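Structure assessment
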Amino acid sequence: MTLVSLRTLLDAAQAGKYAVGAFNCNNMEVVQAIVAAAEEARSPVILQASQGAIKYAGLDYIVSMVKAAAAKATVPMALHLDHGTDFNTIMACIRAGFTSVMFDGSKYEKEENIARTKEIVKIAHAVGVSVEGEIGKIGGVEDDIAVDERDAMLTPVPDAIEFYEATGVDALAMSFGTAHGPYKLPPKLDLDRIAAVHQKTGAPLVMHGGSGVPEEDMRKGIELGIRKVNIDTELRQAFLAEVRRQLAERPDELDPRKIFAPAREVLKEHIKEKMRLFGCAGKA
Ligand code: G3H
Ligand code: 13P
Ligand code: ZN
Ligand code: NA
């Protein structure tokens, strides 16, 4: 199966009122775990690579691995650039075969973010590639900001609506209480904010910082309009926990495959659990 656009996956998610998992990949074992999970769970899936992943693995390796997986896959898959901030990288991804890109213009003032996002949308849409935009800043747990400061960072509903309507993005990332990285305390999702934006615009909303969000909040968010959930930290934790366990159990092991194969298996099972939670399992 060839890779499909993010738009294709999110239109189906909107119709079926579920969210599609977007899992970050940096290497072969993680790509394989994500795709095997999607096949076993009969789930559509988004593989996403950050600029850091591209720097680590190489753009050609990321695209080749994901295309190799897609060629054999019987479930629909999209390849998405996560948090693209650099225009040239975004263009390189489109040219290399990504079917979706995120332009993260959250460091700019609203007007400039809108203008820059529109430019990306115009180019990407001309060649059938989807675009995710971000309005308001989704911070990291490690940013160590106080709770009232984080509240002040939540995206105002009118800004989200204006941004979505002005840019024509296919998916909208905004700040509603989640953060990147492992939470110190469970996050407090502003469900009313999610509902208000989704009801007024129909925008497929993206949850960044999906790792560590309690299951009940996740279900409610999806009921109210979350259609893409980004998961990275939990994958890192699941994979490395098993690597550590294996290394401790067999300190004299000389074959990395003996360590990575069980870690890949644990990761696959973790991803399948997420697919069931997001409601995308069984939808392909
Ligand atoms: O939101 C960021 C993602 O978790 C990717 O992280 O930039 O370290 O690859 P990274
Ligand atoms: P987590 O690392 O918190 O899962 O966030 C992932 C993310 O939002 C990638 O864009
Ligand atoms: Zn993110
Ligand atoms: Na998180």
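Note that the structure is a prediction, hence the values are computed from the model and not measured.

Quick look at the pairing of strand β1 (residues 20-24)
Counted residue by residue, β1 has 5 buried out of 5 residues, so it is predominantly covered. Residues V20, A22 and N24 of β1 are buried on one face, and the alternating residues G21 and F23, pointing to the opposite face, are buried as well. Examined bridge by bridge, β1 and strand β2 (residues 45-50) share 3 bridges and lie parallel to one another. By the bridge assignment for β2, F23 is matched with L47. With helix α2 (residues 28-41) bridging β1 and the parallel β2, this β-α-β connection has right-handed handedness.

Description of the packing of helix α6 (residues 110-126) against helix α8 (residues 157-167)
Interhelical geometry of α6 versus α8 gives an angle of 30 degrees and a closest axis separation of 9 Å. Of the possible angle classes, the one that applies to α6 and α8 is roughly parallel. Between α6 and α8 the crossing geometry is right-handed. Of the residues in α8, those touching α6 at K110, E111, N113, I114, T117, K118 and V121 are D159, E162, F163, A166 and T167. Of the residues in the contact of α6 with α8, the class split is 4 nonpolar, 3 polar and 5 charged.

Re the coordination of the zinc ion (ligand 3)
Distances from the zinc ion (ligand 3) to its protein donors, namely H83 (NE2), H180 (NE2) and H208 (ND1), fall within the range 2.0 to 2.1 Å. Summarised as a motif, the one-chain spacing of the donors to the zinc ion (ligand 3) is H-x96-H-x27-H. On the criterion of sequence distance, the pair formed by H180 in the loop between β6 (171-174) and α9 (191-201) and H208 in the loop between β7 (205-207) and α10 (215-224) is long-range, its members being 28 residues apart.

Re the site of ligand 1
As a structural note, the neighbourhood of ligand 1 is formed by N24, S50, D82, H83, H180, D232 and R236. Within the side chain of H180, an N or O atom sits 3.3 Å from an oxygen atom of ligand 1. Between ligand 1 and the protein, one listed contact pairs an oxygen atom with a side-chain N or O atom of R236 at 3.1 Å. In isolation ligand 1 offers 300 Å² of accessible surface; the protein chains occlude 65% of this area. Considering only residue class, the shell around ligand 1 consists of no nonpolar, 4 polar and 3 charged.

Scoring rules and cut-offs
- Residues numbered from 1 in each chain as written.
- Chains lettered and ligands numbered in written order.
- Predicted model: local features only at pLDDT ≥ 70, side-chain atom pairs only at ≥ 80, totals over all residues.
- Heavy atoms only, no water.
- Buried < 20%, exposed > 50% of the residue type's maximum accessible area, 1.4 Å probe, protein only.
- Helix = DSSP H or I, 4+ residues; strand = E, 2+ residues; numbered from the N terminus.
- Pairing = 2+ DSSP bridges.
- Right-handed = clockwise from strand over helix to strand, strands pointing away.
- Axes fitted to C-alpha atoms, helices over the stretch in contact; angles between N-to-C directions.
- Parallel < 35°, antiparallel > 145°, perpendicular 65-115°, else oblique.
- Left-handed = near helix turned anticlockwise from the far one by under 90°.
- Contact = heavy atoms within 4.5 Å.
- Nonpolar A, V, L, I, M, F, W, Y, C, P; charged D, E, K, R; others polar.
- Donors = N, O, S within 2.8 Å, 3.2 Å for Na, K, Ca; no water.
- Near = heavy atom within 4 Å.
- Polar contact = N/O pair within 3.5 Å; in protein donor to acceptor, adjacent residues only side chain to side chain.
- Areas by Shrake-Rupley, 256 points an atom, 1.4 Å probe, with all protein chains shown as cover.

This is a description of form; function is not addressed.
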